[in-house]
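Residue-level listing of the chains:
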Amino acid sequence: MKESKKKLPIGIEDFKKIRTEGFYYVDKTAFILELLENWGEVNLFTRPRRFGKSLNMSMLKYFFEWNTDKSVFDGLKVSKETSLSEAYMGKFPVISVSLKGIDAGSYETARAMAVSMINEEASRMQYLLKSEKLTPYDKQRFARLLKSDMDDAALFGSLRELSRLLREHCGKKAVILIDEYDVPLAKAFAQGYYEQMILLIRSMFQQALKTNENMQMAVLTGCMRISKESIFTGLNNLRVLTAADVRFDEYFGFTDDEVRELLAYYNLSEHYGAVKEWYDGYQFGSVGIYCPWDVLNYCDALRADREAQPENYWLNTSSNDVVKRFIKSADALTAKLEIERLIGGGTIQKEIHQELTYQDMYRSIDNLWSVLFMSGYLTQRGKRDKKSFSLAIPNMEIREIFTDQIMILFKEDVRKNKETVEAFCTAVQKGNAAEVEERFTQFLKKTISIRDTFVKKRWKENFYHGILLGILSCHNAWIVSSNQEAGDGYSDILLTMEDEETGVVIEVKYAEHQDLDTVCKKALEQIERNKYEEVFRDEGIEQILKYGIACYKKQCRVALAPLAISNE
């Protein structure tokens, strides 16, 4: 009988559900121990999206909450520290809210969502309406928090009011958990009501977190570290712990040992290399970290199909707008060279500003470097001082996001230059290899290219392949096919002209050692050997042009095989 394995907790952020319904859990409860041993009254943890922030917040909720089910922690690291567990587990009222759902096109809708969030949390505590320790006036104030027509005064003071009422009832100060605190600000900035949302969030936080005698401690999470001047004004008890800090470095994301153990559990250890290449590479503090979202999704795919290839799972959880903005801003030669160095697996030295306002984030390319670092598109590879970091692209997945955005912007730019595209396509159709080479080189000089040896040769070829496809696809009268089965293999690019009298076969290769002429010759030999032109002969196309193209950085060589005429 096949051994039953635990389910993979993809997208599940409820700690108790994972622990009680047969899901695999990577034990992060030592996070609680460190939080208690290294005390901070208000703690803000910033990490990129999909690194387990919400699950850790759920874990904290179940640990601290009054009369919690302690059995969900059986066998975990925190349960082995009996003195701390006895002193803190299940001993506090907890206020737990997530701001990630406040995503709206207008302030009015966003405010209504914030009210609904408070309504929902207050509804968990309706026992307060029957509390013998609360006065009728207290109960009246609590009832305001259950209403959908809550006024600003009640909304701004809602978290503080809840903590007061809970302390009155329980005789204990409240633990306040605020997950994804910066999501409403990002949405508001994108939709044009940022100042109104800043006022709302600042007012709630100031009342709940600043000199609140009813608060035991608070933990907040987010992606970005928003400037104190915009959100945390006057909050002197705030401790910010970013991905650059050594403290708490291993509790968000999976460590290498945790990934190896997970793969071994599901009998997938032979895929460790692919998992590491695609999803490892982040450095939080002094620890190497994998993105857990990606690891879990890829393991799930492998359990269904042992031949499944790594995919970009992180891409599907965001618009990656910051990368697009960054590449668009990289007009200067220096910036383009730096991007090329990163894509090629190199590092660059940059000063990182981890405390910005949303208005500042996109005002300069210098600030965009900081945004890319804080949001996980870049990671550290050491630092010179507190602000100056050596930055790198973490892994193949993030590199693919960069190259995809480069290609999208390249195609947009190509469509704007119709005359240049037409001249290039005309040269291809006429069999003018010298002009094709000259014009393709001009295109390469305008875009960001792949450098060095970070990736395998086939990935480099794919990049040039993509550029060529981007140009040729702008010719509306041609049928452009890519990687189509032809002859005895799969050709790079096949072009069918409008008159259906001419066919074009193009094989693109990367010249690893700069020997462009030799590589061109090999490309043509591959076309002949695999009989790629037969797909045209089967269609009765009489004139067939065969191009071999070799590329290296921003150089290319184009060779044309002797003209092939069908004998039919």
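Structure: above.
Here's a quick rundown of the structure. In this text, all values refer to a predicted model and were calculated from it rather than measured experimentally.

1. Things to note about the packing of aromatic side chains
Across all of its chains, the model carries 39 aromatic pairs by this definition. Measuring from centroid to centroid gives 5.6 Å for Phe63 and Phe73, while their planes differ by 85°, and the two rings are edge-to-face. With Phe63 in helix H3 (residues 53-64) and Phe73 in the loop between H3 and helix H4 (82-88), this residue pair connects regions lying ten residues apart in the sequence. Here the two residues Phe63 and Phe73 agree in accessibility, since each one is buried.

2. Here's the deal with the side chain of Gln380
Residue position: Gln380 is located in strand E9 (residues 379-383). At 3.5 Å, the side chain of Gln380 and the backbone oxygen of Ala243 are in polar contact. A distance of 3.4 Å separates a polar atom in the side chain of Gln380 from the backbone oxygen of Gln283. Among residues more than four places away in sequence, those in contact with Gln380 are Ala243, Ala244, Gln283, Gly285, Phe373, Phe389 and Ser390.

3. Points about the environment of Leu129
Turning to its location among the elements, Leu129 is positioned in the loop between helix H5 (107-123) and helix H6 (136-144). For the pair Leu129 and Phe142, spaced 13 residues apart in sequence, the C-alpha separation works out to 7.6 Å. Excluding residues that lie within four positions of it along the chain, Leu129 makes contacts with Lys139, Phe142 and Leu146.

4. Some remarks on the packing of helix H2 (residues 30-37) against H3
Running from N to C, H2 and H3 cross one another at 70°; their axes reach a closest spacing of 10 Å. When the axes of H2 and H3 are compared, the pair comes out roughly perpendicular. Taken as a pair, H2 and H3 cross one another with a handedness that is right-handed. Taking contact as the criterion, the partners of Phe31, Ile32, Leu35 and Leu36 in H2 are, on H3, Asn56, Met59, Leu60, Phe63 and Phe64. Grouping the constituent residues of the contact of H2 with H3 by class yields eight nonpolar, one polar and no charged.

5. Considering the pattern of salt bridges
The full count for this structure, using the stated rule, is 25 salt bridges. Where Arg160 meets Glu213, a salt bridge forms, and the shortest distance between an N and an O atom there is 3.5 Å. Of this pair, Arg160 sits in helix H8 (residues 158-170) while Glu213 sits in the loop between helix H10 (194-209) and strand E4 (215-222), and the two are 53 residues apart along the sequence. When its relative accessible area of 46% is taken as the criterion, Glu213 is described as partly exposed. Measuring nitrogen to oxygen at the nearest pair gives 3.3 Å for the salt bridge that ties Glu355 to Arg225. Taken together, the positions of Glu355 in the loop between strand E8 (348-351) and helix H16 (358-361) and Arg225 in the loop between E4 and strand E5 (238-241) put the pair 130 residues apart, joining distant regions of the chain. The partly exposed category is assigned to Arg225, whose relative accessible area is 22%.

6. Concerning the sheet that holds E9
Read across the open sheet, the three strands follow the order E8-E10-E9; overall the sheet is antiparallel. The sheet is open, and its two edges are formed by E8 and E9, each paired on a single side. Strand-to-strand twist in this sheet, taken as the mean axis angle between neighbours without regard to direction, amounts to 45°.

7. Description of the environment of Gly548
As for its position among the elements, Gly548 is in strand E14 (residues 543-552). Since its relative accessible area comes to 0%, Gly548 is described here as buried. Taking the C-alpha atoms as reference, Gly548 lies 4.9 Å from Ala523; in sequence the two are 25 residues apart. The residues contacting Gly548, other than those within four sequence positions of it, are Glu507, Cys520, Ala523, Leu524, Arg557, Val558 and Ala559.

8. Digging into H3
Between the first and last C-alpha of H3 there are 17 Å, a value that for twelve residues agrees with the 16 Å anticipated at 1.5 Å per step. Within H3, twelve of the twelve residues are buried, which leaves it mostly tucked inside the rest of the structure. Turning to H3, its buried residues number three or more, namely Lys53, Ser54, Leu55, Asn56, Met57, Ser58, Met59, Leu60, Lys61, Tyr62, Phe63 and Phe64.

Reading guide: rules and limits
- Residues numbered from 1 in each chain as written.
- Predicted model: local features only at pLDDT ≥ 70, side-chain atom pairs only at ≥ 80, totals over all residues.
- Heavy atoms only, no water.
- Phe/Tyr/Trp six-rings, centres within 6.5 Å; stacked < 30°, edge-to-face > 60°.
- Helix = DSSP H or I, 4+ residues; strand = E, 2+ residues; numbered from the N terminus.
- Buried < 20%, exposed > 50% of the residue type's maximum accessible area, 1.4 Å probe, protein only.
- Polar contact = N/O pair within 3.5 Å; in protein donor to acceptor, adjacent residues only side chain to side chain.
- Contact = heavy atoms within 4.5 Å.
- Axes fitted to C-alpha atoms, helices over the stretch in contact; angles between N-to-C directions.
- Parallel < 35°, antiparallel > 145°, perpendicular 65-115°, else oblique.
- Left-handed = near helix turned anticlockwise from the far one by under 90°.
- Nonpolar A, V, L, I, M, F, W, Y, C, P; charged D, E, K, R; others polar.
- Salt bridge = Lys/Arg side-chain N within 4 Å of Asp/Glu carboxyl O.
- Pairing = 2+ DSSP bridges.
- Expected span 1.5 Å × (residues − 1).

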